Amino acid sequence: MREKILYYSTNRYLAAVEGRKPAEPVSFREALLLGQAPDEGLYMPETIPRLSLKDIHHLKGRPYTAAALLVAEAYLGADMPPETLAAVIESSYNYDVPLENVVDRLYVLRLDRGPTASFKDFAARMMARLMSHFRDPGMRLNVLVATSGDTGSAVGEAFKGVDGIDVYILYPRDEVSGRQKKQLDTIGGNVCTLSVDGKFDDCQNLVKQAFADPALAGLNLTSANSINFGRILPQMIYYVYAYAQLSEPGDEIVFSVPSGNFGDALGCEYARRMGLPLRRLVMPTNENDEFPRFLETGVYGKISPSRACLSNAMNVGHPSNLARFFELYGGTVDRTGVVHRVPDLETMRRNIFSVAVSDEETRQTIRRAYERYRLLLEPHGAVGWCGLERYLEQAGKTPLCVCLETAHPAKFPEEIESLLNISPELPVSMRDLDHRSGKPLPMAADYEIFRRFLLTTLKATD
Ligand SMILES: *Cc1c(COP(=O)(O)O)cnc(C)c1O
């Protein structure tokens, strides 16, 4: 029988030096349903389970769900029945996970075949089903999300049709693209969209106020944001899967992960600590270069406001999961970007390679990869590929390498057409978008009105 893994808060060090009582460690269930620790830190597993190399190699030629079960059971084996976990995984991963050979032992892992053609589908779908399982019997959860575009539809699609959970997505009426609006408004079912007469900040403020409002405490409000450990766990799986498919016994592997809030790369860091033979984790960023600069100089400075780059899902000036990376390497950084303990830089540099990729280099990479290899990349994947090339320039020999492509090129038609003169074919999930229908509810950027809407609309029980 496995022991239950407990989760502690990244703020426990700060609590200790400030003489406060640290937040109590909690079970996975609480970490999942709370999202953030009461002391505003991020939950981390107290122990990291190990996988045997034999079990990993045994996944070769087997479906993605087999890798998912191996990784998820290592964390959740004592928290839920194995057949329930298997059902969660089967219904989360019902789409392709292509590994494309580019040249020699270089591959691209396409994480863009889910319902919103973004790698965020992997984490959001599994988290939604875990939340449904772990809620109290008979309880309805109400997920509130503020979005500037893509995250909202990934979360909405992930929860669509999931038992016992309703989702309310707030987006700024005039700040999302036509296609994004269509994706958001047409999810339907238990997913309701509110088109807010205001900016993204107004949407975020409405949601924040609702979470802090004692009058709404009975409504089981919950968030589905990227700091939830329930979203990190699914992001360990594809590293194990890809290694198992491509490796021979004795191989080491390099992953290149285009990085913004560092949740995706954190999944790889955990996979390393679970026993994956990782030679190096490559973490390229766009022009928001606070992390590569930190690795180089040892001095951390967040970028505020963040820089607007082509790979817009990575425009992050202070990655929220940096707190977890620091903690894993014996350091502490708080939410505002102040470093209280410097992590073990030498080990970090040995394990992680990070560079900043400019928009100009991103465009050149899209062109070069297509001309040289007929490899079709969108801006996020191009940052990943460029980072991998920079790594290889200084690496000596070429090991087994996998670059993650985190979105589908068809989500960036103008950029691809102007650079390559081709129009990428839409993935199945986006093909019928024009024929879908659905309308958002209009909402004022006014907390009293929003609050009245929540009190009259939301249900707290099944
Ligand atoms: C969110 C996102 C990223 C960055 O992932 P992080 O986990 O935030 O580092 C990269 N590419 C795409 C397409 C994304 O949506």
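Residues numbered from 1 in each chain as written. Predicted model: local features only at pLDDT ≥ 70, side-chain atom pairs only at ≥ 80, totals over all residues. Heavy atoms only, no water.

## Some points on the sheet that holds strand β7 (residues 191-197)
Step number 1: The strand order β8-β5-β6-β7-β15 describes an open sheet built from five strands, whose pairing is parallel. Unpaired on one side and paired on the other, β8 (221-222) and β15 (441-444) mark the two borders of the sheet.
Step number 2: With six bridges connecting them, strand β5 (residues 141-146) and strand β6 (residues 165-172) associate as parallel partners. Of the residues in β6, the one forming a bridge with V145 is I169.
Step number 3: This element, helix α8 (residues 178-185), spans β6 and β7 of the sheet and lies at about 160° to β6. (Pairing = 2+ DSSP bridges. Helix = DSSP H or I, 4+ residues; strand = E, 2+ residues; numbered from the N terminus. Contact = heavy atoms within 4.5 Å. Axes fitted to C-alpha atoms, helices over the stretch in contact; angles between N-to-C directions.)

## A short note on the domain arrangement of the protein chain
Step number 1: Partitioning the protein chain into structural domains gives domain 1 (96-113 + 233-420) and domain 2 (116-227 + 432-462).
Step number 2: For domain 1 versus domain 2, the distance between C-alpha centres works out to 29 Å.
Step number 3: Counting residues at the interface gives 19 residues for domain 1, matched by twelve residues for domain 2.
Step number 4: For the domain 1 and domain 2 pair, buried surface summed over both sides reaches about 1300 Å², with 60% attributable to carbon and sulfur atoms.
Step number 5: Considering only the side of domain 1, the residues that lose the most area to domain 2 are L111, P234 and K411, jointly responsible for 34% of the buried surface there.
Step number 6: For the pair domain 1 and domain 2, the number of links is zero salt bridges.
Step number 7: Viewed at the interface, domain 2 and domain 1 are joined by six residue pairs in polar contact (both at pLDDT 80 or more).
Step number 8: Residues that form the side of domain 1 that touches domain 2 fall into these classes: nine nonpolar, six polar and four charged. (Domains from an automatic or database assignment. Buried area = accessible area lost by both parts, 1.4 Å probe. Salt bridge = Lys/Arg side-chain N within 4 Å of Asp/Glu carboxyl O. Polar contact = N/O pair within 3.5 Å; in protein donor to acceptor, adjacent residues only side chain to side chain. Nonpolar A, V, L, I, M, F, W, Y, C, P; charged D, E, K, R; others polar.)

## Overview of the packing of helix α9 (residues 200-212) against helix α20 (residues 447-457)
Step number 1: Between α9 and α20, the least distance of the axes is 10 Å, while the angle of their chain directions is 60°. What the angle tells us is that α9 and α20 run oblique. Handedness of the crossing formed by α9 with α20: right-handed. Between α9 and α20, the residues in contact are L206, V207, Q209 and A210 and Y447, F450 and L454, respectively.
Step number 2: Looking at the contact of α9 with α20 residue by residue, the class counts come to six nonpolar, one polar and no charged. (Parallel < 35°, antiparallel > 145°, perpendicular 65-115°, else oblique. Left-handed = near helix turned anticlockwise from the far one by under 90°.)

## Overview of the site of the ligand
Step number 1: The environment of the ligand is formed by 14 residues, the closest being K120, G260, N261, F262 and T406.
Step number 2: One nitrogen or oxygen atom from the main chain of D264 is found 2.9 Å from an oxygen atom belonging to the ligand.
Step number 3: Burial of the ligand by the protein amounts to 94% of the accessible area it has alone, namely 380 Å². (Near = heavy atom within 4 Å. Areas by Shrake-Rupley, 256 points an atom, 1.4 Å probe, with all protein chains shown as cover.)

## A look at the pattern of salt bridges
Step number 1: Taken as a whole and judged by the stated rule, the model has 29 salt bridges.
Step number 2: Residue D197 is joined to R173 by a salt bridge in which the shortest nitrogen-to-oxygen separation is 3.5 Å. Of this pair, D197 sits in strand β7 while R173 sits in the loop between β6 and α8; the two residues are 24 residues apart in sequence, bridging distant segments of the chain.
Step number 3: Taking relative accessible area as the criterion, D197 reaches 46% and is therefore assigned partly exposed.
Step number 4: Take R173: its relative accessible area is 40%, and that puts it in the partly exposed class.
Step number 5: Between K181 and D185 there is a salt bridge; the shortest N-O distance is 2.7 Å. Residue K181 and its partner D185 are located together in helix α8, separated by four residues, close to a single helical turn.
Step number 6: A relative accessible area of 31% places K181 in the partly exposed class.
Step number 7: One salt-bridge network, in which partners are shared between bridges, spans R135, R140, D166 and D462. (Buried < 20%, exposed > 50% of the residue type's maximum accessible area, 1.4 Å probe, protein only.)

## Quick word on helix α11 (residues 237-246)
It helps to recall that an α-helix has 3.6 residues per turn; residues three or four apart then point in one direction.
Step number 1: With ten of ten residues buried, α11 is to be regarded as a mostly interior element.
Step number 2: Within the sequence span of α11, burial applies to I237, Y238, Y239, V240, Y241, A242, Y243, A244, Q245 and L246.

## Some details on unusual backbone geometry
Step number 1: Between S304 and the following residue, P305, the backbone shows a cis peptide bond with an omega angle of -5°.
Step number 2: Among the structural elements, P305 can be located in the loop between α13 (290-297) and α14 (322-328).
Step number 3: A positive phi angle, close to 70°, is found at F262, a residue other than glycine.
Step number 4: On the secondary structure map, F262 appears in the loop between β9 (253-256) and α12 (263-273).
Step number 5: Looking at F262, the relative accessible area reads 2%, which means it is buried.

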